[in-house]
Amino acid sequence: MPDPDQRSDRRKESDYLDRESRAIQVLAQCIGDIVGVRSEAYKTLVRASVSDNPLDLHLAQAAFESLAPEARRRIHARVRELGERRVSSGAEPG
């Protein structure tokens, strides 16, 4: 039987992965809203969100970075807006 510290560590890791997954989903939503769900940036990020392969996340990052600077700024603003709305509504951050 695992000791309490091991269970706590697993729970923390699981919570971290859940928050990371939610963050990727919000980013994908914002990319889809701004540049479209048919964009390479959106498709690669969605693929990375369900993949265990770090290469998929790297490809998603490269696709995002290849977007026009104005599109990246609009996506950033949209992510911040959603985050601020979430915090002001009392939802748990992350």
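Rules used in this analysis
- Residues numbered from 1 in each chain as written.
- Predicted model: local features only at pLDDT ≥ 70, side-chain atom pairs only at ≥ 80, totals over all residues.
- Heavy atoms only, no water.
- Salt bridge = Lys/Arg side-chain N within 4 Å of Asp/Glu carboxyl O.
- Helix = DSSP H or I, 4+ residues; strand = E, 2+ residues; numbered from the N terminus.
- Buried < 20%, exposed > 50% of the residue type's maximum accessible area, 1.4 Å probe, protein only.
- Core = buried A, V, L, I, M, F, W, Y, C linked by side-chain atoms within 4.5 Å.
- Contact = heavy atoms within 4.5 Å.

Observations concerning the pattern of salt bridges
Counted by the stated rule, this structure contains 5 salt bridges. The closest approach of N and O atoms between Arg-73 and Glu-70, which form a salt bridge, is 3.3 Å. Of this pair, Arg-73 and Glu-70 both sit in helix H4 (residues 69-88), 3 residues apart, which is roughly one turn of that helix. For Arg-73, a relative accessible area of 52% puts it in the exposed group. Residue Glu-70 is classed as partly exposed on the basis of its relative accessible area of 44%. The salt bridge involving Glu-81 is made with Arg-78; its shortest N-O contact spans 3.0 Å. Residue Glu-81 and its partner Arg-78 are both found in helix H4; the two are separated by 3 residues, about one turn of the helix. Through salt bridges with shared partners, one network takes in Asp-33, Arg-78, Glu-81 and Arg-85.

Details of the nonpolar core
If you look at the biggest cluster of nonpolar residues, it comprises 13 residues, and the most contacted ones within it are Cys-30, Ile-31, Ala-41, Leu-45, Ala-60, Leu-67 and Ile-75. Of all elements in the fold, only helix H1 (4-35), helix H2 (40-49), helix H3 (54-65) and H4 reach the threshold of two or more residues within this core. Sorting elements by how many residues they give to this core places H1 first, with 4 residues. When near neighbours in sequence (up to four residues on either side) are disregarded, Ile-31 contacts Gly-36, Ser-39, Ala-41, Tyr-42, Leu-45, Phe-64 and Ile-75.

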